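This is what each chain is made of:
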Amino acid sequence: MSKDYEVIVIGGGPAGYVAAIRCAQLGMKTACIEKWIDPQDKPALGGTCLNVGCIPSKALLESSEIYHRAQHDFAAHGLKIDKVSMDIGQMQKRRREVVGALTGGIQGLFKANGIDWLQGTGCIEDTGKVSLKEHGKSRKKNLTCEKIIIASGSVPVNIEVAPFDGDRIVDSSGALEFDSVPERLGVIGAGYIGVELGSVWSRLGSEVVLLEALDSFMPIADEQIAREALKQFRKQGLDIRLQSRVVSAKVKGKKVEVKYNAENEEHTETFDRLIVAVGRRPYTESLFSGNARIELDEKGFVSVNEKFRTSLPDVYAVGDVVGNPMLAHKGMEEGIAVAEILAGQKPQVDHATIPSVVYTAPEIAWVGKTEQQLKKEGREYRSGSIPFAANGRAKALGQQDGLVKILADSKTDEILGAHMIGPYVSELVQEIVVAMSYRASSEDIARIIHGHPTLSETVHEAALAVDGRPIHFAPPRKRK
Ligand code: FAD
Ligand code: NAD
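Every value quoted in this text rests on a predicted model; they were computed, and no experiment measured them. (Residues numbered from 1 in each chain as written. Chains lettered and ligands numbered in written order. Predicted model: local features only at pLDDT ≥ 70, side-chain atom pairs only at ≥ 80, totals over all residues. Heavy atoms only, no water.)

Engineer: What exactly am I supposed to notice about the site of ligand 1 here?
Structural biologist: Residues in contact with ligand 1 amount to 38 residues; listed here are only the nearest, Glu34, Thr48, Lys58, Asp320 and Ala328. Between ligand 1 and Pro14 there is a distance of 3.2 Å, counted from an oxygen atom to a backbone nitrogen or oxygen. Note that an oxygen atom of ligand 1 is positioned 3.5 Å from one of the backbone N or O atoms of Ala151. Considered on its own, ligand 1 offers 1000 Å² of accessible surface; in the complex 94% of this is hidden by protein. Looking at the shell around ligand 1, the elements that each hand over two or more residues are helix 1 (14-25), strand 2 (30-34), helix 2 (47-52), helix 3 (54-72), strand 3 (116-126) and helix 8 (328-342). At four residues, the largest contribution of residues to the shell around ligand 1 is made by helix 2. For the shell around ligand 1, a count of residues per class yields 16 nonpolar, 17 polar and five charged. (Near = heavy atom within 4 Å. Polar contact = N/O pair within 3.5 Å; in protein donor to acceptor, adjacent residues only side chain to side chain. Areas by Shrake-Rupley, 256 points an atom, 1.4 Å probe, with all protein chains shown as cover. Helix = DSSP H or I, 4+ residues; strand = E, 2+ residues; numbered from the N terminus. Nonpolar A, V, L, I, M, F, W, Y, C, P; charged D, E, K, R; others polar.)

Engineer: Hey, could you run me through the pattern of salt bridges in this one?
Structural biologist: Two side chains with opposite charge may pair up if their charged atoms get near one another. According to the stated counting rule, one finds 32 salt bridges in the structure shown. Notably, a salt bridge pairs Lys330 with Glu334, separated by 3.3 Å at the nearest N-O pair. Here the residue Lys330 and the residue Glu334 both occupy positions in helix 8, the gap between them amounting to four residues, near one helical turn. Judged by its relative accessible area of 3%, Lys330 falls in the buried class. (Salt bridge = Lys/Arg side-chain N within 4 Å of Asp/Glu carboxyl O. Buried < 20%, exposed > 50% of the residue type's maximum accessible area, 1.4 Å probe, protein only.)

Engineer: Would you take a moment to explain the site of ligand 2 for this structure?
Structural biologist: The local shell around ligand 2 holds 19 residues, among which Glu196, Glu212, Gly279, Met326 and Val357 are the closest. Note that an oxygen atom of ligand 2 is positioned 3.1 Å from one of the backbone N or O atoms of Tyr192. Contacts to ligand 2 include Val357, whose backbone N or O atom sits 2.8 Å from a nitrogen atom. Within the complex, 79% of the 830 Å² of free accessible area of ligand 2 lies under protein. Among the elements that take part in the shell around ligand 2, helix 6 (residues 192-203) stands out by supplying three residues, more than any other.

Engineer: Help me understand the packing of helix 3 against helix 6, please; the structure alone is not making it clear to me.
Structural biologist: If you want to describe how two helices pack, look at the angle between their axes and the distance between the axes. In the contact formed by helix 3 and helix 6, the axes pass within 8 Å of each other and the chain directions differ by 40°. Like other packed secondary-structure pairs, helix 3 and helix 6 cross with a definite hand, here left-handed. Between helix 3, through Ser57, Lys58, Leu60, Leu61, Ser64, Glu65, Tyr67, His68 and Gln71, and helix 6, the contact on the second element is made entirely by Glu196, Leu197, Ser199, Val200 and Arg203. Each residue belonging to the contact of helix 3 with helix 6 can be placed in one class, and the counts come to five nonpolar, five polar and four charged. (Axes fitted to C-alpha atoms, helices over the stretch in contact; angles between N-to-C directions. Left-handed = near helix turned anticlockwise from the far one by under 90°. Contact = heavy atoms within 4.5 Å.)

Engineer: Before we go on, may I ask you to explain the domain arrangement of the protein in this structure?
Structural biologist: Accessible area lost upon the coming together of the parts serves often as the stated size of an interface. Assigned domains within the protein: domain 1 (5-155 + 281-343), domain 2 (169-278) and domain 3 (355-467). Counting residues at the interface gives 19 residues for domain 2 and 20 residues for domain 3. Interface of domain 2 and domain 3: buried area, both sides summed, is about 1600 Å²; carbon and sulfur atoms make up 60% of it. Taken together, domain 2 and domain 3 are joined by one salt bridge. One salt bridge connects Asp222 with Lys405, and the closest N-O pair in it is separated by 2.7 Å. Summed over the shared surface of domain 2 and domain 3, the result is seven residue pairs in polar contact (both at pLDDT 80 or more). Looking at which element gives the most residues to the side of domain 2 that touches domain 3, the answer is helix 7 (residues 223-236), with nine residues. (Domains from an automatic or database assignment. Buried area = accessible area lost by both parts, 1.4 Å probe.)

Engineer: Please explain the pairing of strand 5 (residues 141-150) as it appears in this structure.
Structural biologist: Judged from the five bridges that link them, strand 1 (residues 5-10) and strand 5 form a sheet pairing that is parallel. Of the residues in strand 5, the one forming a bridge with Ile10 is Ile150. As judged from the four bridges shared by strand 4 (residues 129-134) and strand 5, these two strands associate in the antiparallel manner. Looking at the pairing, Val130 lines up with Leu143 of strand 5. Counting the residues that bridge the hairpin from strand 4 to strand 5 gives six residues, and of these Gly136 lies at a positive phi of roughly 75°. (Pairing = 2+ DSSP bridges.)

Engineer: It is not clear to me how the state of the cysteines should be interpreted in this structure. Could you clarify?
Structural biologist: One covalent bond between the sulfur atoms of two cysteine residues makes up a disulfide. Under the criterion given, the structure shown has one disulfide. Two residues, Cys49 and Cys54, share a disulfide whose sulfurs are 2.5 Å apart. Measuring handedness by torsion sign, the sulfur bridge of Cys49 and Cys54 sits at about -130° and is left-handed. For Cys54, a relative accessible area of 27% gives the class partly exposed. Free cysteine Cys23: the closest other cysteine sulfur is in Cys32, separated by 10 Å. In this structure Cys23 comes out as buried when scored by relative accessible area, which is 0%. (Disulfide = S-S within 2.5 Å.)

Engineer: Please explain the sheet that holds strand 9 (residues 207-211) as it appears in this structure.
Structural biologist: The pairing of strands in a sheet comes from backbone hydrogen bonds and takes either a parallel or an antiparallel form. Reading across the sheet, the five strands line up as 7-14-8-9-10 and stay open at both edges, with parallel pairing between neighbours. The open sheet is flanked by strand 7 (169-170) and strand 10 (239-241), the only strands paired with a single partner. Relative to strand 10, strand 9 runs parallel, the two sharing three bridges. Residue pairing for strand 10: Val209 is matched across the bridge by Asp239. Lying on the sheet, helix 6 is in contact with strand 8 (184-188), strand 9 and strand 14 (273-276); it crosses strand 9 at an angle near 165°.

Engineer: I'm lost on the packing of aromatic side chains in this one. Help?
Structural biologist: Two aromatic rings, taken as a pair, are described by how far apart their centres are and by the angle between their planes. If you walk through the whole model with that rule in mind, you get two aromatic pairs. Between Phe178 and Trp201 the ring centres are 5.2 Å apart and the planes differ by 50°, which places this aromatic pair in the tilted class. With Phe178 in the loop between helix 5 (172-176) and strand 8 and Trp201 in helix 6, this residue pair connects regions lying 23 residues apart in the sequence. Trp201 sits in the buried class, given a relative accessible area of 1%. The side chain of Lys29 reaches across the aromatic face of Tyr5, ending 5.0 Å from its centre. (Phe/Tyr/Trp six-rings, centres within 6.5 Å; stacked < 30°, edge-to-face > 60°. Lys NZ or Arg CZ within 6 Å of the ring centre and 35° of its normal.)

Engineer: Quick question: what am I supposed to make of the packing of helix 1 against helix 4 (residues 88-113) here?
Structural biologist: It is the contact of helix 1 with helix 4, at a shortest axis distance of 10 Å, that shows an interaxial angle of 20°. By the angle between their axes, helix 1 is roughly parallel relative to helix 4. Crossing of helix 1 against helix 4: the hand is left-handed. Packed against helix 1, whose contacting residues are Tyr17, Ala20, Ile21, Ala24 and Gln25, the element helix 4 presents Ile106, Leu109, Phe110 and Asn113 at the interface. Classifying every residue of the contact of helix 1 with helix 4 gives seven nonpolar, two polar and no charged. (Parallel < 35°, antiparallel > 145°, perpendicular 65-115°, else oblique.)

Printed below as a string of structure tokens:
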């Protein structure tokens with residue numbers, strides 16, 4: 001008897017929907033099971049990223065940044081606005097429209113590629129066997145297939161000391177939905193979500209306090225960049241408190257009382273809302289029936305080999321559910337690769353050149369090794385840094401805080417990493433991703449013509465600086 005599908009993908013987030021599209025492009029009969037129901041009670045594709053992650057957070061970051069600039073920057077351009085006021089209902093409506101357009105777009109792509117979207121919860125019964133529990137139905141449908149791809153993603157970590165109540169103590173999804181600006185907003189965790197959503201509400205007028213357990217800020221970033229970011233964020237009014245471990249959070253009427261330990265003392269703060277943003281964990285609930293034993297690692301990630309195979313034959317896994325970094329573009333690339341593997345091709349995902357971006361203002365972006373990693377490895381490297389203050393376009397934009405730093409091997413000059421903070425570095429970092437993918441040297445970038453006046457000239461100058469010869473920046477003179 002023939003199988004229902006060649007491939008069933010479980011999860012329609014960036015890893016899953018991309019895997020499904022690539023499978024269909026390669027001629028496989030493909031279905032994608034996705035259970036997401038949006039706040040309007042409508043099934044939706046796109047997973048965390050499109051519905052409650054990358055996209056809605058960037059929509060609010062944009063709206064809040066424009067609001068902030070209208071208040072603080074327009075006058076310098078000679079633009080006078082009597083009073084800038086905010087319509088948060090409209091801002092949230094726009095966010096929902098941006099999300100709706102994109103999730104609807106994926107539905108369109110599925111149709112165009114002949115992919116069946118099966119709405120409901122998928123469960124792996126065994127190799128080649130998946131059951132589907134459709135929304136609102138109690139009986140399960142049994143489906144057969146040649147291969148299964150798990151792309152079930154991740155969910156926010158809930159901590160015992162500050163349990164979500166969906167109203168006053170919320171996760172990142174709840175923090176996107178506030179219908180008014182909290183006067184005082186607490187955030188537990190000063191990682192990606194803490195600083196991005198903290199920035200949104202701070203720009204809109206909240207007094208934001210971030211409580212971070214670690215003694216260093218953003219330790220995954222290059223130390224110099226993280227220091228600069230901390231300085232900039234504090235200047236903007238984000239009250240970032242390091243070495244601050246929350247011990248309890250209790251809702252008291254319309255407030256949240258938070259107790260935390262810092263410098264061996266207990267402190268208490270009262271907030272109108274509290275966001276808990278202490279990381280995400282792999283999501284595998286109701287994904288396996290008793291017969292389907294799949295190996296998970298000690299943190300609950302699905303274990304896969306370099307070909308994304310799990311411990312169960314013909315079952316593969318990609319995206320957040322297989323491990324860090326939990327980034328949409330990493331999941332998408334794995335989605336493409338797994339489809340090509342199923343088609344007998346030999347793709348590779350280069351995990352060493354996955355860019356990271358924090359969409360604050362200024363933005364932070366990096367790829368490759370940090371200086372602290374290179375020092376730890378005992379690798380000899382040269383470094384070239386250029387501030388955006390030396391860039392004409394940044395000056396014209398009025399956004400000249402920050403810098404670009406390139407790190408290259410001392411002997412071979414191969415680029416080992418690049419670290420940036422400043423305007424649109426989310427776009428600039430991509431040049432270095434391409435360069436590193438081709439194992440380019442800093443001299444290669446130094447010899448490439450960059451348009452003028454563009455922000456990318458800062459990347460060019462940083463490459464020249466690796467060799468001590470930047471043109472538009474005079475490094476401090478060395479003493480003779
Ligand atoms: P997910 O997007 O989590 O999708 C998994 C899907 O599987 C979900 O839709 C879920 O409903 C479905 N599913 C799970 N189990 C089943 C089942 N049994 N049956 C049917 N369906 C199932 N990353 C970036 O790269 N850039 C950013 O700017 C960025 N911003 C973010 C902002 C926020 C606030 C958050 C929370 C995350 C952000 N991320 C960002 C991370 C990004 O969202 C994730 O890395 C990405 O969504 C992971 O994709 P995925 O497909 O692996 O999983
Ligand atoms: P994160 O890992 O970036 O940051 C969590 C922070 O919380 C860390 O600094 C950690 O030290 C701190 N922390 C943990 N437990 C704590 C406690 N009990 N008290 C105080 N601090 C504590 O996680 P996140 O911000 O929740 O984001 C989750 C993931 O989503 C990210 O790791 C990233 O992969 C993804 N994401 C990416 C982007 C982007 O690409 N721009 C944006 C948002 C989210």
